[in-house]
Amino acid sequence: MRLKLFSSGISYKQSLNLMARMIRYFAPYKFRIILAMFCMLIVAGATGGSAYLVKSAMDDIFIRKDLWALSIIPLIYVGLDFVKGVARFMQNYMMQYSGLCVLETIRDQLYDRIIRLPVRFYEDNQVGMLMSRIINDVTMIRNSMPSLVMMVRETFTLLGLMVVVFYQNAELAFWAIFVLPIGLFPFIYIGKKLRKLGRRSQGKIADISVFLQEIFSGIRVVKAFATEKEETARFAEENERLVKISLKQTIYNELSSPVMEFVGAVGIGFVLWYGGKQVIDGNATPGTFFSFVAALAMMYDPVKKITGANNEVQRALAGAERVFEILDSEEIFEQSEGSVVFNEPFESLVFENVTFSYNDSHIALDSVNLTVRAGERIAIVGPSGAGKSTFVNLIPRFYDVQSGRILLNGRDLQEYTLASLRRSVALVSQDTFLFNITVRDNIAYGDKESSDDSVFDAAKKAFAHEFILDLPEGYATVIGERGVKISGGQKQRLAIARAIHKNSPLLILDEATSALDSEAERIVQLALENLMLNKTSIVIAHRLSTILNADRILVMDKGKIVAEGRHEELLQTSALYSKLYKLQFLANETE
Ligand code: ATP
């Protein structure tokens, strides 16, 4: 499944659903949220109290000149402010706390979901884009709850003020509030725009992550072709697009307040005119009118806060939509697996009429039949694109066959648990990948209980022990990103040590085509010999010694096994093999 970069837009019903989902994430923190709300009340009360105190200060200290009031009122003022400060801190901390915890939960869930998805998913979606979902999109959800709470709080304040306004002058209030719905139109319009821009900006950030990921991992190509300038220009272009979207976001964000203010001004202008007329006509007193106007003016603050919170919620909705696309989507399902745990000695691997294609237009494997018996050493040769890698990738179920079956010890691969199946196969590929962790942990990858001795033993068999001891911190040396701190041959030996340590009965090797110097090559070869000792192995062959030593060679072409046998036989019976032998293997050897 390919994830969408942009969404086509969400309806209000979907928004409500998303909101409900987000609220559910905050449910475990309800006590903290209630406490935060309680603190909000304290803040509001203390603010009101301080304001009220100004009146007492005026009347009691300055007008009545009361000494007791002079000593107590400043103290009460300081006390109230202290309480307000503590309550505000608690409120913010509780809200941020729950926001961060939700962030953590969603990130963990998202990561857990993504890492379980089949290899195919990673081919359809760029790594940078997935990274952006986990890092950026989730962050937006974090602010949704505090904003929602603020919206609720301010709505209540607004309602309270409305009661005052209606109480004082119902007729005028009716007209004043009547203007409000007109004010809501720009509000809705801006909200919609912001939501759309939010999605676009997240899409752009994802694009940039994809771009960066690609450039940094392909940095050697960039350097080799000296294209830094062009790549910088390409980045600048992407960056500029993001800025343009962000600028638009800023415009709409910043527009919302003045627009609301203007709507308010129109309302107040109208009220002044209408109320003034009432006073002049003798239908209302100036006192009621001014307290009415004061209450109406006080409505501005909550309305402004609601607008701001709404923008935040809109952004959160855009993020949530993209996150839940992965978490909820029924389209992406994890690979099905059986319940049989494979932990017996390897007996046989049988391909029965296996057909596979990556896409409908082209068949990569076409009715392949093969039986691999315990202890066999099988070499696969064939021109580029013949299907050799596809063939071996089906064994650990990186892909699933479309028709036919693959049987391990007589059982369909699908009957085994994925973990036990994958434990039974050790894979050493051309593209040696080492993690940015210690040498020891790289060798013992996937085995938390491994002993030092087993790691040393594997390293010795892979002829890696000596050079590891020469590294700055020996086995505790942390390998640089993609293993840049060690040589190509050493990297391969570490990968071989990892496979030896895994001790799986079935080995799949994709021999490196990139030539090492003859000494390094010889050591890698010896390491491979140790790895294959007493194991069943399937090797995508690039070295002459591999095909000469193989029990059986499979010749693949256009997704089919076109010939099989030993080297001498094949030289007689297969023209393709003879050609490959001369062009590829002998040529490699001479190099
Ligand atoms: P090489 O020796 O060049 O590595 P190969 O014999 O291993 O080639 P495969 O990689 O198995 O060949 O490819 C078989 C066919 O499947 C090719 O036509 C290739 O283009 C196609 N193919 C391989 N991998 C994918 C993929 N991930 N998505 C789509 N098509 C693919």
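Okay, so let's go over this structure.

Rules used in this analysis
Residues numbered from 1 in each chain as written. Predicted model: local features only at pLDDT ≥ 70, side-chain atom pairs only at ≥ 80, totals over all residues. Heavy atoms only, no water. Near = heavy atom within 4 Å. Polar contact = N/O pair within 3.5 Å; in protein donor to acceptor, adjacent residues only side chain to side chain. Areas by Shrake-Rupley, 256 points an atom, 1.4 Å probe, with all protein chains shown as cover. Helix = DSSP H or I, 4+ residues; strand = E, 2+ residues; numbered from the N terminus. Pairing = 2+ DSSP bridges. Axes fitted to C-alpha atoms, helices over the stretch in contact; angles between N-to-C directions. Contact = heavy atoms within 4.5 Å. Core = buried A, V, L, I, M, F, W, Y, C linked by side-chain atoms within 4.5 Å. Buried < 20%, exposed > 50% of the residue type's maximum accessible area, 1.4 Å probe, protein only. Parallel < 35°, antiparallel > 145°, perpendicular 65-115°, else oblique. Nonpolar A, V, L, I, M, F, W, Y, C, P; charged D, E, K, R; others polar.

Considering the site of the ligand
Taken together, the neighbourhood of the ligand is formed by 13 residues, with Ser384, Gly385, Lys388, Ser389 and Thr390 sitting nearest. Between Ala386 and the ligand, the recorded distance is 3.1 Å, taken from a backbone N or O atom to an oxygen atom. In this structure, an oxygen atom belonging to the ligand sits 2.8 Å away from a side-chain N or O atom of Lys388. When the free accessible area of the ligand is taken as 630 Å², the share hidden by the protein chains comes to 64%. When residues of the shell around the ligand are assigned to their parent elements, the largest contribution, three residues, is made by helix 12 (residues 388–393).

Here we look at the sheet that holds strand 10 (residues 560–565)
On the basis of which strands lie adjacent, the open sheet formed by six strands has the order 6-7-8-3-9-10 and mixed pairing. A strand with exactly one partner marks an edge of an open sheet, and here the two such strands are strand 6 (425–428) and strand 10. The average angle at which neighbouring strand axes cross in this sheet is 20°, direction not considered. In terms of strand pairing, strand 7 (residues 506–510) meets strand 8 (residues 536–540) through five bridges, oriented parallel. The partner of Leu507 across the bridge, within strand 8, is Ser537. This element, helix 18 (residues 518–532), spans strand 3 (377–381), strand 6, strand 7 and strand 8 of the sheet and lies at about 155° to strand 7.

A short note on the nonpolar core
The tendency in soluble globular proteins is for nonpolar side chains to be buried side by side. Counting 55 residues, the largest nonpolar core has Ile106, Leu110, Val271, Phe292, Met299, Val323 and Phe324 as its most contacted members. With eleven residues, helix 11 (residues 300–328) is the single largest residue contributor to this core. Setting aside anything within four residues of it in sequence, one finds Met299 in contact with Leu158, Leu161, Met162, Val165 and Ile177. Membership of the second largest hydrophobic core comes to 32 residues, among which are Leu370, Ala386, Leu413 and Met556.

Some remarks on the packing of helix 17 (residues 488–502) against helix 18
The interhelical angle for the contact between helix 17 and helix 18, taken along N-to-C directions, is 5°, at an axis separation of 10 Å. Between helix 17 and helix 18, the angle is such that the two are roughly parallel. Contacts between helix 17 and helix 18 involve Gly489, Gln492, Arg493, Ile496, Ala499 and Ile500 from the former and Ile523, Val524, Ala527, Leu528 and Leu531 from the latter. Classifying every residue of the contact of helix 17 with helix 18 by side-chain character gives eight nonpolar, two polar and one charged.

Overview of unusual backbone geometry
With a phi angle near 55°, Phe463 is a residue other than glycine that sits in the positive phi range. Note that Phe463 resides in the loop between helix 15 (452–461) and helix 16 (465–470). By relative accessible area, Phe463 is classed as partly exposed at 35%. In this model, Asn503 sits at a positive phi of 55°, which is unusual for a non-glycine residue. Along the polypeptide, Asn503 turns up in the loop between helix 17 and strand 7.

These figures capture arrangement, not role.
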